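Each chain, letter by letter, is given below.
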Amino acid sequence: MSVVRARGVTKGFGEGRTLRRVLDGADLDVGAGELVAVVGRSGSGKSTLLHLLAGLDRPDGGSITLAGERVGGVSERALTALRARSVGFVFQFFHLVPELTGLENVLLPTRVNGSRADGARRASDLVSRLGLEDVASSLPHELSGGEQQRFAIARALVNDPPVVLADEPIGNLDPASGAVVLELLRGIADEGRAVAMVTHQPEASAIADRVVRLEEGRVLADVVSAEASLFRDPATS
């Protein structure tokens, strides 16, 4: 059974002659315990699809369900509660609040209605598990890129969501830090979560169970990771 299910999703930006359809009937399924990499050329709709799955934006058409709950057609308040219960989002540029320490950033989702009651304990456990105890009181500008991304991952996991979405999670990291983050994402899926990751890097696609390629807003291919080289090309991004 799919934890993430998108059917016929459409999304455009602009109006009239300036309208640009970024997604044009995209489908996607991600099951529990599965890591799916979404690849494609720049402008193919990868990040747009991820933001729609997370409820950070609303589709023009089609349907999206997360953990059995529909994302569309609900109030902003209900959508916020759904995100708090069901979605952890990892941004490419970390999006840590600069005035808060690493631990305080991890705790942010626990302050939203619908979050777990044991958030403080879980935040502390995650910081320890990810090897961040020594820098938990540091501000983001005092952290390395790898440390910032690990705090971002801890923040995404603090409410124990069934779905984790990652947008270019190693795009701004050195190879060593990127390898650590990929290992974390693989482990997150192996623990039973549904993980979808937008990426243009082969080493990220290699850890996925399936690789989905978008082209002109539609799914061009959906294959197991070992077969991804059949459609990968140097221009993917």
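Residues numbered from 1 in each chain as written. Predicted model: local features only at pLDDT ≥ 70, side-chain atom pairs only at ≥ 80, totals over all residues. Heavy atoms only, no water.

For E168, the position within the fold is in the loop between β7 (163-167) and α6 (175-190). A relative accessible area of 9% means that E168 is categorised as buried. Separated by 120 residues in sequence, E168 and T48 have C-alpha atoms that sit 12 Å apart. Ignoring anything within four residues of it in the chain, the contact list for E168 reads K46, Q92, V198, T199, H200 and Q201. (Helix = DSSP H or I, 4+ residues; strand = E, 2+ residues; numbered from the N terminus. Buried < 20%, exposed > 50% of the residue type's maximum accessible area, 1.4 Å probe, protein only. Contact = heavy atoms within 4.5 Å.)

This next bit is on the pairing of strand β1 (residues 2-13). In this structure, β1 lies alongside strand β2 (residues 20-31), joined through 9 bridges in antiparallel fashion. Looking at the pairing, K11 lines up with L23 of β2. Hairpin geometry of β1 and β2 is characterised by an intervening segment of 6 residues between the two adjacent antiparallel strands and by a positive phi of about 95 degrees at G14. One ladder, built from 5 bridges, connects β1 with strand β4 (residues 61-66); its direction is antiparallel. Each residue of the ladder has a partner; that of V4, found in β4, is L66. (Pairing = 2+ DSSP bridges.)

The next point concerns the side chain of K11. Looking at the element boundaries, K11 is found in strand β1. On the basis of relative accessibility, which here comes to 8%, the residue K11 falls in the buried class. Only 2.8 Å separates the side chain of K11 from the backbone oxygen of R58, close enough to count as a polar contact. Discounting residues that sit within four places of it in the chain, K11 has contacts with R20, R21, V22, L23, T48, L52, D57, R58, P59 and D60. (Polar contact = N/O pair within 3.5 Å; in protein donor to acceptor, adjacent residues only side chain to side chain.)

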